[in-house]
Amino acid sequence: MNTLSEYGFTDRIRDLFSFTFPSAVPTPGHPALEPARAIRADRGRVLLITANGPLHVDTDGTVVTGDWVALARISDDDAAPPAVVGLLPRYSTLQRKKAHDPLSEAQVLAANVDLVGVVVPIDRPLSANRLERTLVAAWDSGAVPLVILTKADLSSRFDEVVGQTVERARGVEVFTTSAEAGDGLDALHSRIGVGSTLALIGPSGAGKSTLINALVGCHAQDTGEVRAGDGKGRHTTTVRELIPLGAGSVLMDTPGVRGFALWDAEDGLEAVFGDIEELFGHCRFTDCAHGSEPGCAVQNALGTGELEERRWLSYQKMQRELAGLHRRQSVAEQRRHGRSFHRMAKEAALAKDFRNRFREG
Ligand SMILES: Nc1nc2c(ncn2[C@@H]2O[C@H](COP(=O)(O)OP(=O)(O)O)[C@@H](O)[C@H]2O)c(=O)[nH]1
Ligand SMILES: [Mg+2]
Ligand SMILES: [Zn+2]
């Protein structure tokens, strides 16, 4: 079997590759470019899967797990390894906000993920606010989120928790699994699909590695009991790495990643809070601040209980946060590069357009 296709190299990626790098076809004097995927990245050191198997390369740090790259022999020395000479445009990026960064820069953790599985252990379910925030960030990545409840065998309030989660997930598919009992694994497996990459996110101990092992059917990842006392055994998986699941489906664990950044999350907000944004159109005044204005559809919905107060507060909080983030970003960007906000917005629109076209294609 072609190892590249095991890691998600489909006809679509092949087409995108030859579209992006027309020189993939060799001409006299120009070496052929070869596709490869980064399956692990540790700062500049990247493990690639190529048509000829794995290859370690040193990069400047821009290549992240999941990236598709172009390789070329840039040295006349036949024994010299090929080098990364290009990067395929990313159709999705998982990023986290760098802690304590006044410029609010984000760190890209992974690229070209199709599905983000928000892993929630059934014995300690996420708060509604936290689930909403995670789903907004997951939509924002460009991937499609799923909610994966784990450890179904541990809950006596199974139906109740599943019902609550489905309600809070607002149309995002919810899968219920038990790695222990083997329940729900086939349904999840078939949802991933050929050539797709599913990244699992969730707190340490949520059961991500155990679920990956159960899906792969072998010990691809170390799992850990949390030892009482010294706490050792936590984070036994220390790298973000792609794991082939067979038939071109790929999994990614994200150990130690607590949450993703809200970055450019307007799409995500719309996906998770679309019902609220829909209400805005029904307020009497187009510039309604949804406070004490007469004829406010939001206040009406809060009054009738149709809109939960908690969700409205959660939405407002995220809105404020994003507005602040955008202000800081645009000021920082303008200072650094002297670029106009207009141009940034245009670039973002182009990237989004590309993403959408790629998803449709
Ligand atoms: N009972 C039960 N325990 C599970 C299940 N999945 C994971 N666990 C346990 O939960 C703990 C944390 O699992 P792990 O996969 O290492 O979590 P991770 O940090 O998210 O990768 C381990 O002790 C697992 O044995 C499950 O389906 N049922
Ligand atoms: Mg783990
Ligand atoms: Zn209003």
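Residues numbered from 1 in each chain as written. Chains lettered and ligands numbered in written order. Predicted model: local features only at pLDDT ≥ 70, side-chain atom pairs only at ≥ 80, totals over all residues. Heavy atoms only, no water.

In this section: the packing of aromatic side chains. With the rule as written, the count across this model stands at six aromatic pairs. Between phenylalanine 17 and phenylalanine 21 the ring centres are 5.1 Å apart and the planes differ by 55°, which places this aromatic pair in the tilted class. Here phenylalanine 17 matches phenylalanine 21 in class, with each residue buried. With a centroid separation of 6.2 Å and an interplanar angle of 70°, the aromatic rings of phenylalanine 280 and tryptophan 312 are classed as edge-to-face. (Phe/Tyr/Trp six-rings, centres within 6.5 Å; stacked < 30°, edge-to-face > 60°. Buried < 20%, exposed > 50% of the residue type's maximum accessible area, 1.4 Å probe, protein only.)

To continue, consider the coordination of the zinc ion (ligand 3). For the zinc ion (ligand 3), every protein donor is listed as Cys283 (SG), Cys288 (SG), His290 (ND1) and Cys296 (SG), and the spread of their distances is 2.1 to 2.4 Å. Of note is the zinc ion (ligand 3), whose four donor atoms meet at the metal with angles of 101 to 116° in an arrangement that counts as tetrahedral. The exposure class assigned to histidine 290 is buried, which follows from its relative accessible area of 13%. (Donors = N, O, S within 2.8 Å, 3.2 Å for Na, K, Ca; no water. Tetrahedral: all angles 85-135°; square planar, octahedral: opposite > 155°, others 65-115°.)

Turning to the UniProt feature "binding site: Zn(2+)" (unreviewed entry) in the chain, a few remarks are in order. Within this structure's numbering, the places UniProt gives as "binding site: Zn(2+)" (unreviewed entry) are Cys283, Cys288, His290 and Cys296. In this fold, cysteine 283 is placed in the loop between helix H7 (266-280) and helix H8 (297-304). Contacts of cysteine 283, omitting those with residues within four sequence positions, involve Cys288, His290, Gly295, Cys296, Ala297 and Val298. Relative to the helices and strands, cysteine 296 is located in the loop between H7 and H8. (UniProt positions renumbered as here; feature names shortened; annotations may be inferred. Helix = DSSP H or I, 4+ residues; strand = E, 2+ residues; numbered from the N terminus. Contact = heavy atoms within 4.5 Å.)

Our next topic: the site of ligand 1. Neighbouring ligand 1 are 17 residues; Asp153, Gly205, Lys208, Ser209 and Thr210 lie closest to it. Here an oxygen atom of ligand 1 sits 2.9 Å away from a polar atom, N or O, in the side chain of lysine 151. For ligand 1, the accessible surface in isolation is 580 Å², of which the surrounding protein chains cover 83%. Counted by class, the shell around ligand 1 contains four nonpolar, eight polar and five charged residues. (Near = heavy atom within 4 Å. Polar contact = N/O pair within 3.5 Å; in protein donor to acceptor, adjacent residues only side chain to side chain. Areas by Shrake-Rupley, 256 points an atom, 1.4 Å probe, with all protein chains shown as cover. Nonpolar A, V, L, I, M, F, W, Y, C, P; charged D, E, K, R; others polar.)

In terms of nonpolar packing, the biggest core is built from 57 residues, with Leu135, Phe273 and Leu307 touching the most fellow members. Aside from chain neighbours lying at most four places away, what touches phenylalanine 273 is Glu132, Val136, Arg311, Ser314, Tyr315 and Met318. Ranked by size, the runner-up nonpolar core spans 17 residues in total, among them Leu115, Leu146, Leu200 and Ala206. (Core = buried A, V, L, I, M, F, W, Y, C linked by side-chain atoms within 4.5 Å.)

For the pair helix H5 (residues 185-192) and helix H6 (residues 208-216), the least separation of the axes is 10 Å and the interaxial angle reads 80°. By the angle class used here, H5 and H6 are roughly perpendicular. On H6, the residues that touch Leu185, Leu188 and His189 of H5 are Leu211, Ala214 and Leu215. Per-class residue counts for the contact of H5 with H6 are five nonpolar, one polar and no charged. (Axes fitted to C-alpha atoms, helices over the stretch in contact; angles between N-to-C directions. Parallel < 35°, antiparallel > 145°, perpendicular 65-115°, else oblique.)

A few words now on the sheet that holds strand E5 (residues 83-87). If you walk across this open sheet you meet the five strands as E3-E2-E1-E4-E5, and the pairing is antiparallel. Looking at strand neighbours, the two that pair on one side only are strand E3 (53-58) and E5, the edges of this open sheet. Averaged over all pairs of adjacent strands, the angle between their axes in this sheet comes to 45°, without regard to strand direction. One ladder, built from four bridges, connects strand E1 (residues 34-42) with strand E4 (residues 68-72); its direction is antiparallel. Bridge pairing in E4 places glutamate 34 opposite leucine 71. (Pairing = 2+ DSSP bridges.)

Its place among the elements puts serine 178 in the loop between strand E10 (174-176) and H5. Spatially, the C-alpha atoms of serine 178 and threonine 210 are 9.5 Å apart, while their sequence positions differ by 32 residues. Among residues more than four places away in sequence, those in contact with serine 178 are Lys151, Ala152, Asp153 and Asp183. Only 2.9 Å separates the side chain of serine 178 from the backbone nitrogen of alanine 181, close enough to count as a polar contact.

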